[in-house]
Structures are given as C-alpha cells and as structure tokens.
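# Breakdown of the fold
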Amino acid sequence: IEFFSTFLRHSKGEWAGQPFTLIPWQRREVIEPIFGWRRKDGTRRFRRGGIWIPKKNGKTTLCSGLALYLLVGDKEPGAEVYSAANDRDQAGMIYRQCAEMVRRSPELTTVLECIDSRKTISYVATDSRYQALSADVPTKEGLNTHGLIVDELHALKDRALWATLAYGGAARRQPLLLSISTAG
C-alpha cells in the first residue's frame, strides 16, 4: 500500500502527476488479501487471483502498479514479471502505464530502465525484468515467472497462452498469477 502512494504517480486524466492512492476496493479486495495474508513460512497465502470488474474502474492502472511492485518491491532476485494479452496493442497497455509511472517517479527512474521498443522494464540491481507479452508471439515456453498479469482473459482465442504461462512460476517460492477482465 505504501509502495503505491510513495513511488507511483498517475499518468492520465485529472489525477495525472498525483500520488497513486488506492481506492477502497483496490486496497480491500486486491492488495490486502494478496500481500497481507501470509503462510507460516512468510510467503504469500494466495498465489492466483482474478479481478473481474466493469470497464473504467482502474484495472489497468492497478495492475501496472502491481507489476512494478512485483519487479522492485517483492524482494525477488531475478524476478521475471509479465503482462500478457491476446494481441500486441492490448499487451502494450499495461506496459505503457508502467513506463509512465516509472518516468514520473524520481525514485524509480534511478533504478529502472524502460525499453519501449521491447516493452521491457529492467531492474539491473536484482537482474529482474518486466515484459509485456502477446498471444500472437509464437512461444512463451521456458519463462521463470515470478509475476503474471493476464489482461482481458475472456478475450484469449484459446487457453493455450494461459496454460503455458500459468506453470512458468513452478520453480518460484511465491509466484503470483492474476487475470483481469471486464467480462462477468
């Protein structure tokens, strides 16, 4: 919760430039259960989740913040964080929000490098990266996923992308797989 308000700034609309203060549903229904509930060994209790709400409720912005937290705030060496979608345009939406949040944060711009041509954000200090993926890129095998956000899960042409990506975190201590969608 502190990561959002301390390091992230909105990049669009009337809140552009202002700190990202989570609205109640984002805090109660997403952040607190996923990051607040822990197992006895200190790892996340929940490893999968879904955010299914109507359009224009801040899903992409929230997921952008989550991707950046998983990249730099989750203390995972060599973290591989991905957002995935059915096509390149959709896949780029979360990346663009992440990149704008990085560029608006004095703290994050000193530790993260945005590579727009590859839709990648690199965190050299921990050999970690965030990357946007699309279903129209042939292979996703071999990923060692710490965090995965699948945008508009209902729009995927088939479940092959989800099936491939969902098991990419098998070797991680506490991977997080999230799907977001407007479909009911």
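Going by the structure above, here's the rest.
The shown structure was predicted, so the numbers you read here are calculated from the model rather than taken from an experiment.

## Some points on the pairing of strand β2 (residues 80-85)
- Burial within β2 is extensive, with six of its six residues counted as buried.
- Of the two faces of β2, the one carrying Glu-80, Tyr-82 and Ala-84 and the one carrying Val-81, Ser-83 and Ala-85 are both buried.
- Taken together, the six bridges between β2 and strand β5 (residues 128-134) define a ladder with parallel strand orientation. Across the sheet, residue Ala-85 finds its bridge partner in β5, namely Ser-134.

## Considering the packing of helix α2 (residues 24-36) against helix α3 (residues 59-73)
- In the contact formed by α2 and α3, the axes pass within 12 Å of each other and the chain directions differ by 25°. Taken together, α2 and α3 sit at an angle that is classed as roughly parallel. Crossing geometry of α2 relative to α3 is assigned as right-handed. Residues Trp-25, Gln-26, Val-30, Ile-31 and Phe-35 of α2 pack against Leu-62, Leu-66, Tyr-69 and Leu-70 of α3.
- Of the residues that constitute the contact of α2 with α3, the class distribution is eight nonpolar, one polar and no charged.

## Comments concerning the environment of Arg-173
- As for its placement among the helices and strands, Arg-173 is situated in the loop between α6 (160-166) and β7 (176-181).
- A C-alpha to C-alpha distance of 9.1 Å links Arg-173 and Arg-44, two positions 129 residues apart in sequence.
- What Arg-173 contacts, discounting residues up to four positions off in sequence, is Asp-41, Thr-43 and Arg-47.
- Polar side-chain contacts of Arg-173 include one of 3.2 Å to the backbone oxygen of Asp-41.

## Points about the layout of surface pockets
- The calculated volume of the largest pocket comes to roughly 800 Å³.
- Per-element tally for the lining of the largest pocket: the top contributor is helix α4 (residues 88-103), with five residues.
- Taken together, the residues of the lining of the largest pocket break down into six nonpolar, twelve polar and eight charged.

Calculation criteria
Residues numbered from 1 in each chain as written. Predicted model: local features only at pLDDT ≥ 70, side-chain atom pairs only at ≥ 80, totals over all residues. Heavy atoms only, no water. Buried < 20%, exposed > 50% of the residue type's maximum accessible area, 1.4 Å probe, protein only. Helix = DSSP H or I, 4+ residues; strand = E, 2+ residues; numbered from the N terminus. Pairing = 2+ DSSP bridges. Axes fitted to C-alpha atoms, helices over the stretch in contact; angles between N-to-C directions. Parallel < 35°, antiparallel > 145°, perpendicular 65-115°, else oblique. Left-handed = near helix turned anticlockwise from the far one by under 90°. Contact = heavy atoms within 4.5 Å. Nonpolar A, V, L, I, M, F, W, Y, C, P; charged D, E, K, R; others polar. Polar contact = N/O pair within 3.5 Å; in protein donor to acceptor, adjacent residues only side chain to side chain. 1 Å grid on protein atoms, 1.4 Å probe; cavity = no way out; pocket = protein on both sides within 12 Å on 5 of 7 lines; lining within 4 Å. Points joined across faces, edges and corners; volume = space filled by probe spheres on them.

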